[in-house]
Amino acid sequence: MIKITVGISKEHVAVKCVGHANYNTCGQDIVCAGISALLQTLCYSLEEITKDKVTYSLKEGEGVVGVYHPTCKSLTLAKAFVIGCRDISNRYPDYVQLEIKN
């Protein structure tokens, strides 16, 4: 199961994704691919679209993203990430768990 924890506030954005969906075999797991694509897009969009100081680490089975004192653009990107993850979590609840902390 992929466990996603997200905290979004005016002080910080914190995202942590841990685990594997195990929906299908490696290379054919659409659930893992979907979450991975959303997480990578969040990281690269934060770097390219905002001027915020972004820290992230993307490893197999674990991704962490942090932004302190996020601008409106970073908050919007983080909220869009949550929308995408929420949709995948709703469609595949046995494979993705999303927790929002504020």
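Above: the structure in question.
Residues numbered from 1 in each chain as written. Predicted model: local features only at pLDDT ≥ 70, side-chain atom pairs only at ≥ 80, totals over all residues. Heavy atoms only, no water.

S.K.: Residue-level account of the side chain of Asp29, with values.
M.R.: Its place among the elements puts Asp29 in the loop between strand S2 (12-18) and helix H1 (30-49). Despite its burial, Asp29 pairs with no opposite charge; the closest candidate is Arg91, at 14 Å N-O. There is a polar contact of 3.0 Å between the side chain of Asp29 and the backbone nitrogen of Tyr23. Those residues in contact with Asp29 that lie beyond four places of it in its chain are Ala21, Asn22, Tyr23 and Asn24. (Helix = DSSP H or I, 4+ residues; strand = E, 2+ residues; numbered from the N terminus. Buried < 20%, exposed > 50% of the residue type's maximum accessible area, 1.4 Å probe, protein only. Lys, Arg positive; Asp, Glu negative; His and termini not counted. Salt bridge = Lys/Arg side-chain N within 4 Å of Asp/Glu carboxyl O. Polar contact = N/O pair within 3.5 Å; in protein donor to acceptor, adjacent residues only side chain to side chain. Contact = heavy atoms within 4.5 Å.)

S.K.: Talk me through helix H2 (residues 72-91); I want residue IDs and the actual numbers.
M.R.: Given a rise of 1.5 Å per residue, 20 residues ought to cover 28 Å, and the 29 Å separating the end C-alpha atoms of H2 matches this to within 8%. Every buried residue of H2 is listed here: Ser74, Leu75, Ala78, Phe81, Val82, Gly84, Cys85, Ile88 and Ser89. On its buried face, H2 is in contact with strand S1 (2-8), S2, H1, strand S4 (62-68) and strand S5 (96-101). (Expected span 1.5 Å × (residues − 1).)

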